[in-house]
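In case you want the letters, here they are:
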Amino acid sequence: MKKTLKPATLCVQAGWEPKNGEARVLPIFQSTTFKYDNTEEMADLFDLKKEGYFYTRLQNPTNDAVAQKIAALEGGVGAMLTSSGQAANFYALFNICSAGDHFVTSNEIYGGTYNLFGVTLKKLGIECTFVSQEASEEEIDAAFRPNTKALFGETISNPGCRVLDIEKFARIAHRHGVPLIIDNTFPTPINCRPFEWGADIVTHSTTKYMDGHATQVGGCVVDSGNFDWDAHADKFPGLCTPDESYHGLTYTKAFGKMAYMTKLVAQLMRDLGSIPSPHNAFLLNLGLETLHLRMRQHCANAQRIAEFLQQDDRVAWVHYSGLPGDDAYQLAQKYLPNGSCGVIAFGLKGDRQTAIKFMDSLKLIAIVTHVADARTCVLHPASHTHRQLSDEQLREAGVAPDLIRLSVGIEDVDDLLDDIKQALAEI
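The text that follows walks through the structure, step by step, so that each part is easy to find. Please read all numbers here as calculations on a predicted model, not as lab measurements. (Residues numbered from 1 in each chain as written. Predicted model: local features only at pLDDT ≥ 70, side-chain atom pairs only at ≥ 80, totals over all residues. Heavy atoms only, no water.)

**Here we look at the layout of surface pockets**
Item 1. In this model, the largest pocket occupies a volume close to 760 Å³.
Item 2. Lining the largest pocket we find 34 residues, and of these Glu51, Gln59, Asp64, Met258 and Val265 sit closest to its centre.
Item 3. Secondary structure elements with two or more residues in the lining of the largest pocket: helix 3 (61-74), strand 1 (78-82) and helix 11 (259-272).
Item 4. Top element by residues in the lining of the largest pocket is helix 3. It accounts for six residues. (1 Å grid on protein atoms, 1.4 Å probe; cavity = no way out; pocket = protein on both sides within 12 Å on 5 of 7 lines; lining within 4 Å. Points joined across faces, edges and corners; volume = space filled by probe spheres on them. Helix = DSSP H or I, 4+ residues; strand = E, 2+ residues; numbered from the N terminus.)

**Here we look at the sheet that holds strand 3 (residues 127-131)**
Item 1. Judged by pairing direction, the sheet is mixed, and its seven strands sit side by side in the order 1-7-6-5-4-2-3 without closing on themselves. The open sheet has two free edges, formed respectively by strand 1 and strand 3, since each of these has just one partner strand. Each adjacent strand pair in this sheet contributes to an overall mean axis angle of 20°, direction not counted.
Item 2. Running over the sheet, helix 4 (residues 85-94) touches strand 1, strand 2 (102-106), strand 4 (148-154), strand 5 (180-183), strand 6 (201-205) and strand 7 (219-223) and is turned about 160° from strand 6. (Pairing = 2+ DSSP bridges. Axes fitted to C-alpha atoms, helices over the stretch in contact; angles between N-to-C directions. Contact = heavy atoms within 4.5 Å.)

**Points about the sheet that holds strand 12 (residues 404-407)**
Item 1. Pairing within the open sheet is mixed, and its five strands lie in the order 8-9-12-11-10. Strands with a single pairing partner mark the edges of an open sheet, and in this sheet they are strand 8 (315-319) and strand 10 (366-367).
Item 2. Sitting on the sheet, helix 13 (residues 291-311) is in contact with strand 8, strand 9 (343-348) and strand 12, with an inclination near 15° to strand 9.

**Comments concerning the packing of helix 4 against helix 5 (residues 111-123)**
When two helices pack together, you describe them by how their axes are tilted relative to each other and by the distance separating the axes.
Item 1. Packing of helix 4 against helix 5 brings their axes to within 10 Å, and their N-to-C directions diverge by 45°. It follows from the interaxial angle that helix 4 and helix 5 lie oblique. Of the two elements, helix 4 crosses helix 5, and the hand of that crossing is right-handed. Residues Gln86, Asn89, Phe90 and Leu93 of helix 4 form the contact with helix 5, whose own contacting residues are Gly112, Thr113, Leu116, Phe117 and Leu121.
Item 2. For the contact of helix 4 with helix 5, a count of residues per class yields five nonpolar, four polar and no charged. (Parallel < 35°, antiparallel > 145°, perpendicular 65-115°, else oblique. Left-handed = near helix turned anticlockwise from the far one by under 90°. Nonpolar A, V, L, I, M, F, W, Y, C, P; charged D, E, K, R; others polar.)

**Some points on unusual backbone geometry**
Item 1. In this chain, asparagine 158 is followed by proline 159 through a cis amide linkage whose omega measures 10°.
Item 2. Of note, proline 159 is situated in the loop between strand 4 and helix 7 (166-175).
Item 3. Phi at cysteine 161 takes a positive value of approximately 65°, unusual for a residue other than glycine.
Item 4. Among the secondary structure elements, cysteine 161 is positioned in the loop between strand 4 and helix 7.

**Re the pairing of strand 2**
Item 1. Buried residues dominate strand 2, accounting for five of its five residues.
Item 2. Every second residue of strand 2 is oriented toward a common face, with His102, Val104 and Ser106 on one face and Phe103 and Thr105 on the other, all of them buried.
Item 3. For strand 2 and strand 3, the ladder comprises five bridges, and the chain directions are parallel. Residue serine 106 lies in a different strand from strand 3, and its bridge partner there is valine 131.
Item 4. Considered for its hand, the β-α-β crossover made up of strand 2, helix 5 and strand 3 is right-handed.
Item 5. With three bridges connecting them, strand 2 and strand 4 associate as parallel partners. The partner of histidine 102 across the bridge, within strand 4, is threonine 148. (Buried < 20%, exposed > 50% of the residue type's maximum accessible area, 1.4 Å probe, protein only. Right-handed = clockwise from strand over helix to strand, strands pointing away.)

**Some details on the packing of aromatic side chains**
Item 1. A complete count under the given rule lists 13 aromatic pairs for this structure.
Item 2. Ring plane angle 90° and centroid distance 4.9 Å describe the contact between phenylalanine 117 and phenylalanine 152, whose orientation is recorded as edge-to-face. Within this pair, whereas phenylalanine 117 is found in helix 5, its partner phenylalanine 152 is found in strand 4, the two being separated by 35 residues in sequence.
Item 3. Looking at phenylalanine 152, the relative accessible area reads 0%, which means it is buried. (Phe/Tyr/Trp six-rings, centres within 6.5 Å; stacked < 30°, edge-to-face > 60°.)

**Brief notes about helix 5**
Item 1. With 13 residues, helix 5 should reach 18 Å at 1.5 Å per residue; the first-to-last C-alpha distance of 18 Å fits that figure.
Item 2. At phenylalanine 117, helix 5 shows its largest bend, some 35°.
Item 3. Every buried residue of helix 5 is listed here: Gly111, Gly112, Thr113, Tyr114, Leu116, Phe117, Gly118 and Leu121.
Item 4. Looking at the buried residues of helix 5, the elements they touch are helix 4, strand 2, strand 3, strand 4 and helix 16 (391-396).
Item 5. Two residues or fewer past helix 5, glycine 125 is found with a positive phi of approximately 85°. (Expected span 1.5 Å × (residues − 1). Bend = angle between axes of the 7 residues up to and from the residue.)

**Section: the pattern of salt bridges**
Item 1. Going through the model one piece at a time under the given rule, you end up with 14 salt bridges.
Item 2. Here lysine 35 makes a salt bridge to aspartate 37, at a shortest N to O gap of 2.7 Å. Grouping residues by exposure puts lysine 35 and aspartate 37 together as exposed.
Item 3. Its salt-bridge partner being aspartate 312, residue arginine 314 comes within 2.8 Å of it at the nearest N-O pair.
Item 4. Via salt bridges that share partners, Glu137, Asp141, Arg171 and Arg175 belong to a single interconnected network. (Salt bridge = Lys/Arg side-chain N within 4 Å of Asp/Glu carboxyl O.)

**Let's talk about the side chain of histidine 380**
Item 1. Among the secondary structure elements, histidine 380 is positioned in the loop between strand 11 (377-379) and helix 16.
Item 2. With relative accessibility at 0%, the residue histidine 380 sits in the buried group.
Item 3. Look past the residues within four positions of histidine 380 in its chain and what remains in contact with it is Arg352, Ala355, Met359, Pro401, Asp402 and Leu403.

**A closer look at the environment of phenylalanine 29**
Item 1. Mapped onto the secondary structure, phenylalanine 29 falls in the loop between helix 1 (7-13) and helix 2 (39-46).
Item 2. Here phenylalanine 29 falls in the partly exposed class, since its relative accessible area comes to 29%.
Item 3. Along the sequence, phenylalanine 29 and threonine 62 sit 33 residues apart, while their C-alpha atoms lie 5.8 Å from each other.

Pasting the structure below:
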């Protein structure tokens, strides 16, 4: 029986296992195509009868090694890299939804995802219903329809920093015969593995903590292999009935627990092509090697800063699940006992201009449209990432108009606190 390795070891060693005389470090296979000696070998690859590489849009050794590492960290059966986190969420849903279908999602999700779900997917004929993740199971049940295909949420919401009750959402999803899809970007599998709490599919924006250095944009979809598609075959014909584009192959019959992942790669990535470059995957892998160390420092620094903000008279409110008394504290103790992430949501006493004055006064901490990397950064979602939403829509999405999102990096925490203190003195 193969020993189950700990996350820290998987961060460093999973995915790429060099054979005798091969490169110890994952190589960059910067090639679009791969050579074969005869026509039959290539034909078998195109018919999904054999595994192998023939064109990087579908699979590439560098990309696959990194995907396998993330799958190992999450405890999944397989994973696929995408060109962005937005692409990952789109692929995860579009793999099981088509025109005329519906899904249910928490309303406390990233603004770009909120627009993808509420506006763009609607243009493709896929509708969604937004629900409060704090609502009762009965209230969320009421959002489901006969054509509902999935339930979606974020482990820690961006930017509101709310913690999802994963077990509750899994119960609801499975009661209706659909998978629970979780965006696990903020805690990463170092601090939470949603499959262990009943989730079926996990997505990531690997642009964030997994990369950790703001060097590449990417995403990932991971499948647990646990959802029984055939038990709900009428809901998921794309997986459970013949695919004429592959000579009538049925994914669940041909690939078992890998059905969802195989369709994701062989059909969606083949046709839509949102792949990362092998070089980007190589950079992501470098970030993953230190993920377990960085997450510990992010959380320690954020805890110190959240405690400071909570005590400051100029601060109106703070949301950080590591604070006793925070609305999400009990859920965090259950799902995130080793820490959540480095992102803090808080508001200042005053108005929107107060938040802007504070951020403009920061010297070490940068205003950037990014989050979750080694450098501390700050953003006012109402003015930036969520500026397409009205104040009412902001509140519906769990984003207060005065919310400041502070992404705490891995610098010396005392230097960060000094910068925050001098900026507060300016408001």
